[in-house]
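# An overview of the molecular structure
Here is how the chains run, residue by residue.
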Amino acid sequence: MKKALVIGGSNGIGLAIAHALAHYDKVVIIDKTQSDSPLPDNAEVEVFDLCSADYSLFDKHLDADLVMVTAGIGRLALFEDIPEEMLSTYFQVNTLPAMRIAKRFYGKLQAKEPFRFGVMVSISGYMSSPFYSIYAATKAALRVFIESVNVELEEGGSANRILNVSPGSIKGTKFDGGHTNDLQATAGLAREIVAHLEAGDDLFIPRYEEVFHEVLERYHADFRAEGRHSYAYKLASGRIKK
């Protein structure tokens, strides 16, 4: 029986990925809340707070063939407007869960048998991102963690890799103040993510050639200028909530 786990799959791109796993026998969505959107027929939800100290819940799911971590929080805001108590919360939700879950499944990542493990990171983890300073920091930490562990897996003789999925803004989700899950808007990206997972890839940056290749080149050429460009772009986007 093919089994998949989607952590944070009650909403957004996680829910779309759960739907894209229709060819699996069972999909277990692990999230803090139940979904208010339709679930695929092969899916069930287990309610779990990723800020919990006890991750033993995952031990009963070590038979999974695929694990995708999509949970995350973030909103466009200046650093001065983020409460101090939220700084640790960002890391507790965006960064540490992926590391802790990877630790639980590390034996499967090291094994000779194929095992698929992916994490939603963000293109903001590759560059300075004003209005997303803490969010970007949590994602940069994840990016370097994944890159480092993948080298360790390779040098240890395993063909398995952790997939880093680093998109820009995703339309059709509740992230950053969105109000609805538009599965039609997110279905295509979800299918691409599942395809890269099942291929055993280690990196997928959606719209890389169309958009982010140039953005990253500008950033590496002059990170200060690109930071100013990003600041102005976000102000002009209309997404900044006063």
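Structure first, text after, so check above.
Residues numbered from 1 in each chain as written. Predicted model: local features only at pLDDT ≥ 70, side-chain atom pairs only at ≥ 80, totals over all residues. Heavy atoms only, no water.

### Section: the overall build of the protein chain
- Secondary structure summary: the protein chain contains 8 helices and 7 strands in total.
- Against the globule reference of 18 Å for 242 residues, the protein chain gives a C-alpha radius of gyration of 18 Å, in line with a compact fold.
- Across its three principal axes, the protein chain shows a C-alpha extent of roughly 50 × 45 × 35 Å.
- Taking all 242 residues of the protein chain together, the buried fraction comes to 48%. (Helix = DSSP H or I, 4+ residues; strand = E, 2+ residues; numbered from the N terminus. Rg over C-alpha atoms; globule rule 2.2 N^0.38 Å. Buried < 20%, exposed > 50% of the residue type's maximum accessible area, 1.4 Å probe, protein only.)

### Considerations on helix α7 (residues 208–221)
- Looking only at α7, the buried set comprises F212, V215, L216 and Y219. Seen from one end, α7 has its buried residues packed into an arc of 95°, which puts them on one side. Within α7, the exposed residues directed more than 90 degrees away from the buried face are E209, E210 and A221.
- Turning to α7, the residues buried within the fold contact α8 (223–237). (Arc of directions from axis to C-beta. Contact = heavy atoms within 4.5 Å.)

### Re helix α6 (residues 183–198)
- In this model α6 runs 21 Å from its N-terminal to its C-terminal C-alpha over 16 residues, within 8% of the 22 Å that 1.5 Å per residue would give.
- Along its length, α6 shows its largest kink, about 25°, at L189.
- Taken as a whole, α6 has its buried residues at T186, L189, A190, I193, V194 and L197.
- On the buried face of α6, the contacting elements are α1 (12–20), β4 (66–69), β5 (116–120), β6 (162–165) and β7 (203–204).
- Measuring from the side-chain oxygen of the N-cap residue of α6 to the backbone nitrogen of Q184 gives 3.2 Å; that N-cap residue is D182. (Expected span 1.5 Å × (residues − 1). Bend = angle between axes of the 7 residues up to and from the residue. Polar contact = N/O pair within 3.5 Å; in protein donor to acceptor, adjacent residues only side chain to side chain.)

### Some details on the packing of helix α2 (residues 84–94) against helix α5 (residues 133–155)
- Their axes nearest at 10 Å, the elements α2 and α5 cross at an angle of 40°. On the basis of the axis angle, α2 is oblique to α5. Every pair of crossing elements has a handedness; the one defined by α2 and α5 is right-handed. Of the residues in α5, those touching α2 at L87, Y90, F91 and N94 are I134, Y135, A137, T138, K139 and L142. (Axes fitted to C-alpha atoms, helices over the stretch in contact; angles between N-to-C directions. Parallel < 35°, antiparallel > 145°, perpendicular 65-115°, else oblique. Left-handed = near helix turned anticlockwise from the far one by under 90°.)

### Comments concerning the packing of α7 against α8
- In contact at an axis separation of 5 Å, α7 and α8 are set at 130° when each is read in the N-to-C sense. Our classification of the angle between α7 and α8 gives oblique. Contacts from V215, R218, Y219 and A221 in α7 reach F223, E226 and H229 in α8.
- Grouping the amino acids of the contact of α7 with α8 by side-chain chemistry returns 4 nonpolar, 1 polar and 2 charged. (Nonpolar A, V, L, I, M, F, W, Y, C, P; charged D, E, K, R; others polar.)

Scope: geometric values only; no functional claims are made or implied.
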